[in-house]
Amino acid sequence: MKEHFQFETLAIHAGEQPDMREGAAGDVAAPIHLSTTFARHEVDQPTAGYEYTRSLNPTRRALEEKLAAIEGVSHGLAFSSGLAAETAILMGLLRSGDHVVASDDLYGGTKRLFNKVLSEFGISASYADVLDTAAFERAITPKTRMIWVETLSNPMLKVADIRALSAIAKQHSLILVVDDTFLSPYFMHPAALGADLVMHSATKYIGGHSDVLGGVVMTDRDDLYERVQYYQNAAGAVMSPFDSYIVMRGIKTLALRMERHAANALRIAHFLEDHPSVGRVVYPGLDSFPQRELHRNQATGDGGIISFELRGNIEDAKRFLSRLKIIALAESLGGVESLIELPALMTHSSVAPEERQKIGITDTLVRLSVGIENADDLVADLAQAMA
Ligand SMILES: *Cc1c(COP(=O)(O)O)cnc(C)c1O
């Protein structure tokens, strides 16, 4: 679809124009093509380019076109999980001896991939604080090939300056990869700010209903697309046709969901800021957010994740979390249902205590993924659990 359509229109229609040819039914939602193989008329002529589902599948193709359209780039790729997408980027583009500079508070699974898996293949990573863009430049060595950052970090919501990092990447001929999971393509287009590759865990906002695992990559660079796509087929961690359908269905309501996630989160962030049992509240929509101006310069909304500190000790935090009735005590984020967790004991328990302290993850820091339930009900649930 042509680029002049707006996000909401592309999210619904891109990749899914009804097939109005003779004999076709004209489905308005892309059919789920479960077939693993595709029959052909002639030995050397695959039907419409389809041969075998790992290489190319019509439902996954529809999703990949939609992904490219909503990011405003030419290519999209869908994988079986966010980490499978990351692996394809890293293994598809790097070689033994290469080095990556990444942000120091990366998603735990990404850090594990760098430190425990890629390290075994001779690919090394060093880490810099996104609050200090110059530290990324200082960490560059003659072996550096890539910079890897997240748009809002987890759980401290630190903002990476994508334009500045892109300038550094260009100057040193590096590939800039941005994990935009926390904001979704509705609130930010890292590719337009200079990212070479954009990736998301589609398990979070893009899927949006906590019922599908997926990872996606978008890029405007043909050369990078070809290499990551080659790896996608060669290593094989593709998104299944059914999951592709579920993710497409999620994208159609992404704009509506993100608006509500952000409106509910702002309301709750204000409630938390005013509550005597709460210390620091970190949410990009608050005036107190330290990088508000940078954030506003590169994103169009504030997302649905709030991190806040409960006053008291870890037992008080545990009691608060177990008393919640609507908000589920669970890892993950980005679904329609509100989820809450204690990073020190859950998502970030594998991070060494001194490291956690350095990042700001105290024992009573709580991460809340605000869902799209009624905001009054969510505020009431938090209030009763704090009482
Ligand atoms: C969840 C997550 C991932 C990993 O994605 P999976 O779908 O769980 O493999 C990567 N990056 C971020 C920021 C995430 O939140």
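Residues numbered from 1 in each chain as written. Predicted model: local features only at pLDDT ≥ 70, side-chain atom pairs only at ≥ 80, totals over all residues. Heavy atoms only, no water.

Participant: An account of the sheet that holds strand 7 (residues 215–219) is requested, with residue identities and associated values reported.
Facilitator: Read from one edge to the other, the open sheet built from seven strands follows the order 1-7-6-5-4-2-3, with strand pairing classed as mixed. In this open sheet, the two edge strands, each paired with only one partner strand, are strand 1 (75–79) and strand 3 (124–128). In this sheet, adjacent strand axes meet at a mean angle of 20° when their direction is disregarded. Two elements, strand 2 (residues 99–103) and strand 3, share five bridges in a ladder whose sense is parallel. Bridged to Ala102 within strand 3 is Tyr127. (Pairing = 2+ DSSP bridges. Helix = DSSP H or I, 4+ residues; strand = E, 2+ residues; numbered from the N terminus. Axes fitted to C-alpha atoms, helices over the stretch in contact; angles between N-to-C directions.)

Participant: Describe the site of the ligand, listing the residues and the values that go with them.
Facilitator: Around the ligand sit Ser81, Gly82, Leu83, Glu86, Tyr107, Asp179, Thr181, Phe182, Ser201, Thr203, Lys204 and Gly214, and that is every residue in its neighbourhood. It is helix 3 (residues 82–93) that contributes the most residues to the shell around the ligand, three residues altogether. Residue composition of the shell around the ligand, grouped by class: three nonpolar, six polar and three charged. (Near = heavy atom within 4 Å. Nonpolar A, V, L, I, M, F, W, Y, C, P; charged D, E, K, R; others polar.)

Participant: So what about the sheet that holds strand 12 (residues 365–369)? Which residues, and what values?
Facilitator: Taken in spatial order, the five strands make up an open sheet running 8-9-12-11-10, and their pairing is mixed. The open sheet has two edge strands with one neighbour each: strand 8 (278–282) and strand 10 (328–329). Where strand 11 (residues 339–341) and strand 12 come together, three bridges link them in antiparallel fashion. Across the sheet, the residue bridging to Ile340 is Leu368, located in strand 12.

Participant: Can you break down the domain arrangement of the protein residue by residue, with the values?
Facilitator: According to the domain assignment, the protein consists of domain 1 (7–251) and domain 2 (256–386). Distance between the C-alpha centres of domain 1 and domain 2: 27 Å. In this complex, domain 1 contributes 31 residues to the contact, which on the side of domain 2 involves 38 residues. In total, about 2,800 Å² of surface goes out of reach between domain 1 and domain 2, with carbon and sulfur atoms giving 60% of it. Among the residues domain 1 hides against domain 2, the three largest losses belong to Met156, Phe187 and Tyr205. Together they make up 28% of the total. Between domain 1 and domain 2 we count zero salt bridges in total. Remark: the boundary between domain 1 and domain 2 carries 16 residue pairs in polar contact (both at pLDDT 80 or more). (Domains from an automatic or database assignment. Contact = heavy atoms within 4.5 Å. Buried area = accessible area lost by both parts, 1.4 Å probe. Salt bridge = Lys/Arg side-chain N within 4 Å of Asp/Glu carboxyl O. Polar contact = N/O pair within 3.5 Å; in protein donor to acceptor, adjacent residues only side chain to side chain.)

Participant: Give a detailed account of the packing of helix 10 (residues 254–273) against helix 14 (residues 375–386), specifying residues and quantitative values.
Facilitator: Closest axis-to-axis distance for the helix 10/helix 14 pair is 10 Å, and the angle between their directions is 30°. Considered as vectors, helix 10 and helix 14 are oriented roughly parallel to each other. Here the hand of the crossing between helix 10 and helix 14 comes out right-handed. Along the contact surface, helix 10 presents Asn264, Arg267, Ile268, Phe271 and Leu272, while helix 14 presents Ala375, Asp376, Leu378, Val379, Leu382, Ala383 and Met386. Residues that form the contact of helix 10 with helix 14 fall into these classes: nine nonpolar, one polar and two charged. (Parallel < 35°, antiparallel > 145°, perpendicular 65-115°, else oblique. Left-handed = near helix turned anticlockwise from the far one by under 90°.)

Participant: Which residues make up the pattern of salt bridges, and what are the values?
Facilitator: For the structure shown, the criterion picks out 19 salt bridges. Note that Arg138 is salt-bridged to Asp132, the shortest N-O span being 3.0 Å. Residue classification places Arg138 among the exposed positions, given a relative accessible area of 61%. Linked by salt bridges that have partners in common, Arg60, Arg61, Glu64 and Glu65 make up one network. (Buried < 20%, exposed > 50% of the residue type's maximum accessible area, 1.4 Å probe, protein only.)

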